Amino acid sequence: MTQTTTEHGYTADKEAYLRRLKRIEGQVRGIARMVEEDKYCIDVLTQVSAVNKALHAVSIGLLEEHIAHCVVGAANESQATGDPAAVNEKVQEASAAISRLLR
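Residues numbered from 1 in each chain as written. Predicted model: local features only at pLDDT ≥ 70, side-chain atom pairs only at ≥ 80, totals over all residues. Heavy atoms only, no water.

**Focus: the overall build of the chain**
So, step 1. In terms of helices and strands, the chain carries three helices and zero strands.
So, step 2. Shown N-terminal to C-terminal, the secondary structure of the chain runs as helices and strands in the order α-α-α.
So, step 3. What you see for the chain is a C-alpha radius of gyration of 18 Å, clearly larger than the 13 Å of a compact globule of 103 residues, by over 25%.
So, step 4. Across its three principal directions, the C-alpha atoms of the chain cover 60 × 30 × 15 Å.
So, step 5. Taken across its 103 residues, the chain has 24% of its residues classed as buried.
So, step 6. Between the averaged position of the 12 positive side-chain charges in the chain and that of its 14 negative side-chain charges there is a distance of 6 Å. (Helix = DSSP H or I, 4+ residues; strand = E, 2+ residues; numbered from the N terminus. Rg over C-alpha atoms; globule rule 2.2 N^0.38 Å. Buried < 20%, exposed > 50% of the residue type's maximum accessible area, 1.4 Å probe, protein only. Lys, Arg positive; Asp, Glu negative; His and termini not counted. Charge placed at Lys NZ, Arg CZ, Asp CG, Glu CD.)

And the structure:
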């Protein structure tokens, strides 16, 4: 499920996320160039590891934003309405995202 409002948990940090993703994109292009140039496999693997670590950091940040904004917002909504459905949905989304990150 996706959030129906236009503001997401990461909205305040959107530009920082975009900068990080563009930097990662450049790293991936650099890895492709290394392969094209037949660079030493261990050097390529080192760069792949760096990209994985950078993507992991972005993923964790987005997950933290989701919990802080979306889950907490749903909990507040649930408390106000007395209906736990919204918070249950957001917690399930967070759990599914964590599961995907651990694969």
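**Topic: the nonpolar core**
So, step 1. Within the largest apolar cluster, eight residues are counted, these being Tyr17, Ile24, Ile31, Met34, Val44, Val51, Ala54 and Val58.
So, step 2. For this core, the secondary structure elements donating two or more residues are α1 (14-36) and α2 (41-81).
So, step 3. Those residues within four positions of Val51 in sequence are excluded, and the remaining contacts are Ile24, Gln27, Val28 and Ile31. (Core = buried A, V, L, I, M, F, W, Y, C linked by side-chain atoms within 4.5 Å. Contact = heavy atoms within 4.5 Å.)

**Regarding the pattern of salt bridges**
A pair can form between side chains of opposite charge whenever their charged atoms are brought close.
So, step 1. Taken as a whole, this structure holds three salt bridges when the rule is applied.
So, step 2. Here Glu37 makes a salt bridge to Lys39, at a shortest N to O gap of 3.9 Å.
So, step 3. Judged by relative accessible area, Glu37 falls into the partly exposed class, the value being 47%.
So, step 4. Of the charged contacts, one joins Glu93 and Lys90 as a salt bridge, the two residues approaching to 3.4 Å between their closest N and O atoms. Taken together, the residues Glu93 and Lys90, both in helix α3 (residues 85-102) and three residues apart, mark about one turn of the helix.
So, step 5. Under the relative-accessibility criterion, Glu93 is labelled buried at 15%. (Salt bridge = Lys/Arg side-chain N within 4 Å of Asp/Glu carboxyl O.)

**Description of unusual backbone geometry**
So, step 1. Of note in the backbone geometry, Asp38 takes a positive phi value of approximately 55° without being a glycine.
So, step 2. Mapped onto the elements, Asp38 comes out in the loop between α1 and α2.
So, step 3. Of the residues examined, Asp38 reaches a relative accessible area of 69% and is grouped as exposed.

**Considering α1**
So, step 1. For α1, spanning 23 residues, the distance from its first C-alpha to its last is 33 Å, which sits close to the expected 33 Å at 1.5 Å a residue.
So, step 2. Every buried residue belonging to α1 is among Tyr17, Ile24, Gly30, Ile31 and Met34, and all of these are buried.
So, step 3. Among the structural elements, α2 are those in contact with the buried residues of α1.
So, step 4. Count one or two residues on from α1 and you reach Asp38, which has phi positive near 55°. (Expected span 1.5 Å × (residues − 1).)

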